[in-house]
Amino acid sequence: MNLTRRRSLRSAAAALLLAAVAGCSSTDGRPAAAVPGPDSTTAALCRKLDNWLPQRVAGLERNDPEPESALTAGWGSPAIILRCGVPRPGAMNDPDAEGVEADGVGWLMEQPGDGSFRFTTTLRRAYVEVALPAEHVPEGLAPLSDLAPSVTEAIPEGIAD
């Protein structure tokens, strides 16, 4: 494979990853999400979380993203996307990082700059990320409150490796 082809594949992969994390739609109207690749212990916790996730979040029906995976879930359109087993965000090293708590679950809060928010659990054995599109920001912390019982039940407190 030549260098030009590799660069094109990398660009396409990067674009796909950005679209997936943002919860953009696939060709059949379902959202898309990049599936994390955690270790087996974390993946087991994420599968347990998938069994506890609600059918509705912030009044929105479940609308799981493609590709289908127990590590991802979605609600509504544009979709609120949950990904379990993501890597520890670098922003957690920032002492000035912002955080919120919703029904006993702590979340790192990041604002990518497009009006959306990304929340990642803190002090849990697995990192769970929730991407909240700009259209759902007026709902405030309702999505996190709706997800908190599932996170509490499935992902024990502690520090993820």
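Reading the values: the criteria
- Residues numbered from 1 in each chain as written.
- Predicted model: local features only at pLDDT ≥ 70, side-chain atom pairs only at ≥ 80, totals over all residues.
- Heavy atoms only, no water.
- Phe/Tyr/Trp six-rings, centres within 6.5 Å; stacked < 30°, edge-to-face > 60°.
- Buried < 20%, exposed > 50% of the residue type's maximum accessible area, 1.4 Å probe, protein only.
- pLDDT = per-residue confidence, 0-100.
- Contact = heavy atoms within 4.5 Å.
- Helix = DSSP H or I, 4+ residues; strand = E, 2+ residues; numbered from the N terminus.
- Polar contact = N/O pair within 3.5 Å; in protein donor to acceptor, adjacent residues only side chain to side chain.
- Pairing = 2+ DSSP bridges.
- Axes fitted to C-alpha atoms, helices over the stretch in contact; angles between N-to-C directions.
- Expected span 1.5 Å × (residues − 1).
- Bend = angle between axes of the 7 residues up to and from the residue.

1. Points about the packing of aromatic side chains
Per the counting criterion, the structure on display carries one aromatic pair. Centre to centre, the rings of F117 and F119 are 6.0 Å apart; their planes meet at 15 degrees, and the pair counts as stacked. Neither F117 nor F119 differs from the other in exposure class; each is buried.

2. Describing the confidence of the model for the protein
Summary statistics for the protein give a mean pLDDT of 85 and a share of 83% for residues scoring 70 or more. Within the model, pLDDT remains below 50 along residues 1–27, and this stretch shows 21 contacts once partners closer than five positions in the same chain are excluded.

3. Thoughts on the side chain of R83
Here R83 lies in strand β4 (residues 80–84). With a relative accessible area of 9%, R83 lands in the buried category. In this structure the side chain of R83 is engaged in a polar contact, spanning 2.8 Å, whose partner is the backbone oxygen of A34.

4. Topic: the sheet that holds strand β3 (residues 72–75)
As summarised here, the arrangement of the six strands in space is β3-β4-β8-β7-β6-β5, forming an open sheet in which the pairing is antiparallel. This sheet does not close on itself; its edge strands, each paired only once, are β3 and β5 (98–102). The mean angle between the axes of side-by-side strands here comes to 25 degrees, regardless of whether they run parallel or antiparallel.

5. Topic: the environment of Y127
Here Y127 is to be found in the loop between β7 (117–121) and β8 (128–132). Taking C-alpha positions, Y127 is 9.2 Å from I159, a pair spaced 32 residues apart along the chain. Not counting residues within four places of it along the chain, the set of residues in contact with Y127 comprises R83, C84, G85, V86, P87, R88, P89, M92, T120, T121 and A160.

6. Remarks on the side chain of T120
Among the structural elements, T120 can be located in strand β7. Sequence-distant contacts of T120, defined by excluding residues within four places in its chain, comprise V86, P89, M92, G106, W107, L108, E110, Y127, V128 and E129.

7. Looking at helix α3 (residues 142–154)
With 13 residues, α3 extends 19 Å from end C-alpha to end C-alpha; this agrees with the ideal 18 Å at 1.5 Å per step. The sharpest bend along α3 comes to roughly 40 degrees, located at A148, with the proline P149 sitting one to four residues further on.

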